[in-house]
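Descriptive structure summary
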Amino acid sequence: MPDPLTPVLTKRWLGPESWTLRHYTELGGYEALDKALNTPPDDIVALVKDSGLRGRGGAGFPTGMKWSFIPQAKPGEEPRGPAAKPKYLVINADEGEPGTCKDVPLMMADPHSLIEGCIITSWAIRAHFCVIYVRGEVVHVLRRLHAAVREAYDAGHLGKDIHGSGFDLDIVVHAGAGAYICGEETALLDSLEGRRGQPRLKPPFPATAGLYAAPTVVNNVETIATVPSIVTGGKDWFRTMGRERSPGPKIYSLSGHVERPGQYEAPLGTTLRELLDLAGGMKDGIPLKFWTPGGSSTPLLTADHLDVPLDFEGATEAGSMLGTTALMIFNETVSVPWAVMKWTEFYEHESCGKCTPCREGCYWLAGILRRMVDGEGTESDIDTLLDVCDNVLGRSFCALGDGAVSPITSGIKYFRQEFVELCTAQQRHPEVDRIVELSGASA
Amino acid sequence: MTQAPEKPSEQDDLPPVPEGHVRLTIDDRIVDAPQGELLIRTCERLGIVVPRFCDHPLLDPAGACRQCLVEVEMGGRKMPKPQASCTMTVAQDMVVNTQMTSAVADKAQQGVMELLLINHPLDCPVCDKGGECPLQNQAMSSGRAESRFVEEKRTFAKPLPISSEVLLDRERCVLCQRCTRFSRQIAGDQFIELLERGAHQQIGTEETAFGEGEDFQSYFSGNTIQICPVGALTSASYRFRSRPFDLVSTPGVSEHDSSGAAVRRDWRRGAVTRVLAGDDPEVNEEWIDDKTRFAFRYTQSAQRITRPMIRGEDGSLVETSWTEALERAAGLLTAARDGEGPAPVDTDGEALEPKRGVGVLPGGRLTLEDAYAYAKFARLALRTNDVDARARVHSGEELDFLAAHVAGTGLGVTYGDLEEAPAVLTVALEVEEEAPIVFLRLRKAARTGTAVHHLGQWSSPAVVKTGGRLVRCAPGREVEALATLPDPVADGLAQPGAVVLVGERAAEVPGLYAAVSELVARTGARVAWVPRRAGERGAVDTGLVPTLLPGGRAVDDETARAALASSWGVADLPATPGRDTAAILRAAADGELAGLVVGGVEIADLPDPDLARAALGAADVVVSLELARSEVTEYADVVLPVAPVINKAGTFRNWEGRDRRFGTTIDPSGGSAGRVGGTAATTLPDCRVLDTLAVEMDVDLFTQTPEVAGTELARLGTGRPATVGPVRGPEHPDQPETTDEEGTELRLASWRQLLDGGALLADEPDLAGTARPPRIRLSATTARRLGFAEDDPAEVEGPRGSLILPVEVADLPDDVVWAPARVPGTDGTTVVTLAGLGLGHGGPVRLGGGSPMSDGSPS
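Residues numbered from 1 in each chain as written. Chains lettered and ligands numbered in written order. Predicted model: local features only at pLDDT ≥ 70, side-chain atom pairs only at ≥ 80, totals over all residues.

For chain B, the name recorded in an unreviewed UniProt entry is NADH-quinone oxidoreductase, with Actinomycetospora lemnae as its organism. The UniProt entry for chain B carries the following comment under Function (unreviewed entry): "NDH-1 shuttles electrons from NADH, via FMN and iron-sulfur (Fe-S) centers, to quinones in the respiratory chain. Couples the redox reaction to proton translocation (for every two electrons transferred, four hydrogen ions are translocated across the cytoplasmic membrane), and thus conserves the redox energy in a proton gradient." As recorded by UniProt, the Sequence similarities (unreviewed entry) comment attached to chain B reads in full: "Belongs to the complex I 75 kDa subunit family." (UniProt positions renumbered as here; feature names shortened; annotations may be inferred.)

Chain A appears in an unreviewed UniProt entry as NADH-quinone oxidoreductase subunit F from Actinomycetospora lemnae. Recorded in UniProt for chain A, the comment headed Catalytic activity (unreviewed entry) runs: "a quinone + NADH + 5 H(+)(in) = a quinol + NAD(+) + 4 H(+)(out)".

Okay, structure coming up:
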């Protein structure tokens, strides 16, 4: 049996001072850049397209296709419209999805892979300005990225005439202010422009009118950090990992009740059972109760789904989504309604407020769940929860609202009895009994 | 629910899709819609009302409230989620199912409505919006009767004043962002913004967010109250005053400027309770400025004159009957006209040449009908052309310009033309302060590609908000600047459809009207004259200037004069051009003119207030036709109260030359309906007063009612000759004298601000609270040279007094001082005008370091 781990992004993580340029270069870093700068940009786009790389931020949009949407001037023609504008690359490093912890360790342990990916991508889309939008709370990551960008400038990997190619690129590391919504790409762009971070109306899409209304590619950290390895290894090598429609390696981050939580880089399509083996099994041997495949916005799954192949198709077929492959593992000691309540409180707090369903729906749902967990719910509250979820799902402006109702609908789907039991407990509440008695309703 | 047309053959029988259109199906009905149209509009055209909150046809789509969700099918495939019809545009072969035909859309809408209401307070019974509230109405049409929400509602402290005139109730807010989008997109004022997030998201200002800072200092803030679909934004002056269903709504026209903006006046018990913007896409769209909206209580002012008054034996004014007042006025005016008044004597008691004649200063706020009556009264009853409605800086050059480009020209450049124009240049016109509706349209034009240039001194808010293209020049050097316009401006004006807008302040700079005339001749641009006051254009067209008769006929055009005389049934008309305002006042002061008939004129607004006071004091007879007590009242022998616009019908001819007719809002004869402060106001329209007064002087004007006067004016038509004379600049277009004995040659630049204590702003403290604070502006270099830092007090010194204001540094040319032309005093009644200090735009000025002796009042 082959090694279940495929360290591509994580292969340098355990080295001494892995984040330094020296370490990165010693292990072949910035060689892909030379190769890329000697390849026509369109060929890089085609290479990434052929490799089948899909966005690692959650939605799984084919990366090469996204790049090819950037309007480029036709050879020999005067560029007009969006093609005449500057192009921008924006890295979404606003990792804020509950349970998700892959981009932060990547940027901590190996920032240069991201920077090299940024340069290659910028070359491919003809951008000369790239922003890495980092979640503001992770100050240590900001410091490390700043240092790495400085190193790259000093080494001539950034700035003017990179590696003598004539290609110029500047990278700015930008700290967000800690709003979950700014992980939504258009809200991120508004935030980057100095506005209030709220999602934009689409169309126009960022590919034609993104940052400063110019064509913009917004990609996740892990996606871009994967690019140098594709340039070096080629598309066929890349496709040796993962599955037909979801090729390549993926950093699975396991948290919760497992023996060895952490990041495990394995081919897409790896199952939770395999990942649990790698992580030493459930903590203290207490059996698995439920888990999320990719953060709290992906509907939760149960022990019945241990063998679901965790790639974009597999997770969807199982009724969930791959998301960010942030696997939160919960054992039998955890109350599903309680966990769902905590997640919903997160969305209540983080809903940006732009649209009614998400803003008001999350407020209401959190209120009901708190009341239920406090033992003051009724069975009709379960129906109300589901109906409000139905009024939020697909009705909100962006996907935040959809994600917010995922834990509730999936929690009730698989663990309805637990919610009912909370309500049954409420019926025996002494205060209720007293009211019933006083009102004479028990007669 | 894929709805094929019921009869497939029908599809084939349909006419081809018109060019630029698409054909789609909405609720089983096939409809053609122009490309790019929003679904919600197409639905409206079909009579399908999709509920909505954030959608507003004049604002960019937001898609925030999600109330307008519908089901959409494209290419035979249903879109997985219901779509917001306010953000989705029509497409060929699209199939749309609204709540009328789709259970999914219906449930989505019901769901959003329920969510909107969970945190909405149940204070409809005390909410100003109750009864006219889109949320209330749509909750009835698209909501469920009972709420399932039993949790605690989110609460906020309320109300929160976000300016002195707008109050915010954050609990009621549905966060549709209409107000913030209006402010950002239409007005260009970013004083309000969303704060916080989630259910705690709220509208706020810098002040509400940080406890200090700017509040909602927009001239257009009242529009947000009107477009708020709930009771979140309410008017401080209207709050708790009445219920909408107790009000009578009457359409009207703004009396506050020359915009001709449509308004709706809501009133009850004889008093207007609020003014709202009317909907006129060709003029003001759906917006008005705050002056038009909030300044209406002047009709209820304690200063209102409700009965005729005559000066008694003891020299004080006493109320009397109309009969006596008119008789007295007629007698005095007849005597003054004919030089039969008291014989003047010199200091030695020697008899002097008798004074003869009466000058007429009707003021610039008259309706077309009243103006016509004044014009006719002057010519027939007073037999003079000494009439001038220009109660402001004026010149003979201006009269030439008006004759050549304005009088009798009918509808000229329109608001729509501004929007279409490739380039617009404003000259002597600070649009946001002096013509706010024109400003809004220029801003709209600028947003869609019109290059808006301003000839001015600094990047005022209007310049910034219309694209920031300033042709900067020193005050008084405007003529030179027009002759040497930068190429992009000159080229822009040479394009077809380009427009030059010139303001009345052009009269302040000798040669500027001539230069504008020359500029439009050179470039081919169209020109429009945008005066400040509502009646100015009408006054020009009805002959309320000394050189023009009604319809743009020239006084010195014998044929035209004879034709008019024949229409009026008189043998002849006074043939010599009359005196203008300044000359009338000088003649009265010098003892040449015996009498003055004065309409709505504020002494302080005149170019030389002291001369005006001298004139009024020297005249034997002063007859005042006024709404409210003013400085003129002190000099008047007879005071005849006239009706405010709400008590009469009439027409304002706006700057475009468009007639804006309005009916009576409150009929003053209708018993209690016309009461002012508990007393029945027996005020009449000027045209009626003048008609009766003329009868007492044995002259028939036939202007008993605005309708009659208007009909006669229309019948006269325009007498405009095919060619008009050139606009004569000053004979010696020398540069303004530049002498200052101390060597600091400072020049004054100035214009009026929108809210500066004008007569019609009486009794509106909430409105006054949003006035832009008066400032003196200097360039950084000049400020440094003179030793002023930002906010330092500086003293503008003129020959007749001084004024102290804080300094603000702006991008003026060096050695230029900008100050507002009129500054309301802190006591709310007095005003200081630069003219009163003996200062004028382009003239020399001195700036002192300020001293505690003169605290902003004239010394």
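From this point, things continue past the structure.
A count of helices and strands for chain A gives 17 helices and nine strands. Here the C-alpha radius of gyration of chain A, 24 Å, is about what a compact globule of 443 residues would show, namely 22 Å. Counting only C-alpha atoms, chain A reaches 90 × 50 × 35 Å along its principal axes. Looking at chain A as a whole, 55% of its 443 residues qualify as buried. Taking the contacts inside chain A whose residues are at least 6 apart along the sequence as the reference set, 70% of them involve residues at least 24 apart. (Helix = DSSP H or I, 4+ residues; strand = E, 2+ residues; numbered from the N terminus. Rg over C-alpha atoms; globule rule 2.2 N^0.38 Å. Buried ≥ 20, exposed ≤ 12 C-beta atoms within 10 Å, placed from the backbone. Contact = placed C-beta atoms within 7 Å.)

Below, the discussion takes up the UniProt feature "domain: 4Fe-4S His(Cys)3-ligated-type" (unreviewed entry) in chain B. UniProt feature "domain: 4Fe-4S His(Cys)3-ligated-type" (unreviewed entry): in the numbering of this structure it lies at residues 104-143 of chain B. Secondary structure content for residues 104-143 of chain B is 60% helix and 0% strand, while the C-alpha to C-alpha distance between its ends is 14 Å.

With that settled, the discussion passes to the sheet that holds strand S1 (residues 87-93) of chain A. Residues and elements named next belong to chain A. Spatially, S3-S2-S1-S4 is the arrangement adopted by the four strands of the open sheet, whose pairing is parallel. Single-partner strands in this sheet number two, and they are strand S3 (170-175) and strand S4 (216-220). Ignoring which end each strand starts from, the neighbouring axes of this sheet average 20 degrees apart. The sheet contact formed by S1 and strand S2 (residues 127-134) spans seven bridges and is parallel. (Pairing = 2+ DSSP bridges. Axes fitted to C-alpha atoms, helices over the stretch in contact; angles between N-to-C directions.)

Where the parts come together, the accessible area they lose is often given as the size of the interface. If you look at the interface, chain A gives 28 residues, while chain B gives 28 residues. Where the side of chain A that touches chain B is concerned, the elements lending two or more residues are helix H13 (336-350), helix H14 (356-373) and helix H15 (379-392) of chain A. Considering only residue class, the side of chain A that touches chain B consists of 10 nonpolar, 10 polar and eight charged. (Nonpolar A, V, L, I, M, F, W, Y, C, P; charged D, E, K, R; others polar.)

This part covers the packing of helix H3 (residues 103-118) of chain B against helix H4 (residues 134-142) of chain B. All names here are of chain B. Interaxial distance between H3 and H4 falls to 10 Å at its minimum, and their mutual angle equals 140 degrees. Taken as axis vectors, H3 and H4 run oblique relative to one another. The way H3 lies across H4 gives a crossing that is left-handed. Contacts from Gln109, Gln110, Met113, Leu116 and Leu117 in H3 reach Leu135, Gln138, Ala139 and Ser142 in H4. In terms of residue class, the contact of H3 with H4 is made up of five nonpolar, four polar and no charged. (Parallel < 35°, antiparallel > 145°, perpendicular 65-115°, else oblique. Left-handed = near helix turned anticlockwise from the far one by under 90°.)

What follows deals with the environment of Asp541(B). All names here are of chain B. Residue position: Asp541 is located in helix H19 (residues 536-542). For the pair Asp541 and Arg553, spaced 12 residues apart in the sequence, the C-alpha separation amounts to 8.9 Å. The contacts of Asp541, once residues within four sequence positions are left out, are Ala407, Gly408, Gly551, Gly552 and Arg653.

For the rest of this paragraph, the subject is the UniProt feature "domain: 4Fe-4S Mo/W bis-MGD-type" (unreviewed entry) in chain B. The UniProt entry lists residues 247-303 of chain B under the feature "domain: 4Fe-4S Mo/W bis-MGD-type" (unreviewed entry), expressed in the numbering used here. Note that residues 247-303 of chain B is 9% helix and 35% strand, and that its end C-alpha atoms are spaced 26 Å apart.

With that settled, consider the pairing of strand S21 (residues 499-503) of chain B. All names here are of chain B. In terms of burial, S21 is a largely internal element, five of the five residues being buried. Here S21 shows a buried face lined by Val499, Leu501 and Gly503 and a second buried face lined by Val500 and Val502. Sheet topology note: the strand S18 (residues 423-427)/S21 ladder contains four bridges and is parallel. Paired with Thr426 across the strands is Leu501, a residue of S21.

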